[in-house]
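A closer look at the structure
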Amino acid sequence: MKFSELNLKPEILRALDKKGYTELTPIQEQTFPHVLAGRDLIALAQTGSGKTAACAIPVVQSVDPSSKEVQALILVPTRELALQYVDEIAWIAKETGVSAFAVYGGFSMDIQKSKLAHGVQALVATPGRLIDLLYNSPLRLADVRYFVLDEADEMLNQGFLPDIEFVFSCMVHEHHTMLFSATMPEEIKQLSQRYLKNPVMIELIAE
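Just so we're clear, the structure is a prediction, and the values are computed from it rather than from any experiment.

What to know about the overall build of the protein chain
Of regular secondary structure, the protein chain possesses nine helices and seven strands. Along the three orthogonal principal directions, the C-alpha set of the protein chain runs to about 45 × 40 × 30 Å. Residue burial in the protein chain is summarised as follows: out of 207 residues, 50% are buried. Nonlocal contacts in the protein chain, meaning residues at least 24 apart in sequence, comprise 72% of its contacts between residues at least 6 apart. Of the roughly 9,500 Å² that the protein chain leaves accessible, carbon and sulfur atoms contribute 51%. Across the protein chain, 18 positive and 26 negative side-chain charges occur, with their mean positions spaced 7 Å apart.

The structure is reproduced here in structure tokens:
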């Protein structure tokens, strides 16, 4: 399937074309119809499968750049992955007015607060720093319509499960969740049963 066959904003299609992105990867082809239809989903996929763009493109398509509120939240286990996501969203969103920003530990919280106050529609965060900001800044999640957990099994390995559950507890309003993981340990399965609504299951792990 080609990106031009999807009902994407012209600004996004131009950005994809400039990067030479014409054909969807298998994970994008399998996830996009469900994501654009507003379904929750669980995708078992390895790093490098194209899942960053599988999240970033629908995020840029769906958020409202005229609002300063965080409308998309992407939770990741590491600073490196947070920066990778922001880079991906930034070039896709270049002509749309959508602002993406990453928050993570080891960087000035005052600078991060200032950027959030200025207006961020897509927030990429590591769990610990996100919770610090929820307790110590005006950041709120009430407008998040789109919640992505990437490398969920890695976050579990790093002991972030209580943090993830806390973030879910902050979002009692209607929202759409995508969970990406390379494996499906019991804790992740239970998490998805508790917080995801009738999710589509997609498996793209090579045997």
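Let's pick the thread back up.
Details of the nonpolar core
Most often, soluble globular proteins have nonpolar side chains that are buried together. Within the largest apolar cluster, 44 residues are counted, with the highest numbers of intra-cluster contacts made by Ile-57, Ile-89 and Val-124. Setting aside residues no more than four positions away along its own chain, Val-124 makes contact with Ile-74, Val-76, Ala-82, Tyr-85, Val-86, Ile-89, Phe-101, Ala-102 and Val-103. Judged by nonpolar contacts, the second largest core, of 33 residues, contains Leu-116, Val-120, Met-171 and Leu-191.

Points about the confidence of the model for the protein chain
Confidence along the protein chain averages 91 in pLDDT terms, with 97% of residues attaining 70 or more. For the protein chain, per-element mean pLDDT is lowest for helix α2 (residues 26-36), which scores 86, and highest for strand β4 (residues 122-125), which scores 98.

Some words on the pattern of salt bridges
Summed over the entire model, instances satisfying the criterion amount to ten salt bridges. When the shortest N-O distance is used, the salt bridge between Lys-18 and Glu-95 registers 3.5 Å. Here Lys-18 is found in helix α1 (residues 10-18), whereas its partner Glu-95 is found in the loop between α4 (79-92) and β3 (100-103), with 77 residues between them in sequence. Glu-95 gets classed as partly exposed once you look at its relative accessible area, which sits at 34%. With a shortest N-O distance of 2.7 Å, Arg-140 and Asp-143 are connected by a salt bridge. Owing to a relative accessible area of 41%, Arg-140 belongs among the partly exposed residues under this scheme. Among the ionic contacts, a cluster of salt bridges with common partners joins Arg-14, Lys-18 and Glu-95.

Focus on helix α9 (residues 186-195)
Among all positions of α9, only Ile-188, Leu-191 and Ser-192 are buried. In an axial view of α9, the angular spread of the buried residues amounts to 95°, which keeps them on one side of the axis. Buried residues along α9 sit against β1 (41-44), α7 (152-157), α8 (161-169) and β6 (176-181).

Quick notes on the pairing of β4
Successive residues of a regular strand alternate their side chains across the two faces of the sheet. On β4, burial covers both faces: Ala-122 and Val-124 on one face and Leu-123 and Ala-125 on the other are all buried. Inspection of the sheet shows β3 paired to β4 by four bridges, in the parallel sense. Bridge pairing in β4 links Ala-100 to Ala-122.

Overview of helix α3 (residues 51-62)
Residues spaced three or four apart along an α-helix point in a common direction, a consequence of the helix completing one turn every 3.6 residues. When the terminal C-alpha atoms of α3 are compared, their 17 Å separation across twelve residues agrees well with the 16 Å that a helix rising 1.5 Å per residue should span. The element α3 is largely enclosed, with a buried count of ten among its twelve residues. By the burial criterion, the buried members of α3 are Lys-51, Thr-52, Ala-53, Ala-54, Cys-55, Ala-56, Ile-57, Pro-58, Val-59 and Val-60.

About the thresholds
- Residues numbered from 1 in each chain as written.
- Predicted model: local features only at pLDDT ≥ 70, side-chain atom pairs only at ≥ 80, totals over all residues.
- Heavy atoms only, no water.
- Helix = DSSP H or I, 4+ residues; strand = E, 2+ residues; numbered from the N terminus.
- Buried < 20%, exposed > 50% of the residue type's maximum accessible area, 1.4 Å probe, protein only.
- Contact = heavy atoms within 4.5 Å.
- Areas by Shrake-Rupley, 256 points an atom, 1.4 Å probe, with all protein chains shown as cover.
- Lys, Arg positive; Asp, Glu negative; His and termini not counted.
- Charge placed at Lys NZ, Arg CZ, Asp CG, Glu CD.
- Core = buried A, V, L, I, M, F, W, Y, C linked by side-chain atoms within 4.5 Å.
- pLDDT = per-residue confidence, 0-100.
- Salt bridge = Lys/Arg side-chain N within 4 Å of Asp/Glu carboxyl O.
- Arc of directions from axis to C-beta.
- Pairing = 2+ DSSP bridges.
- Expected span 1.5 Å × (residues − 1).

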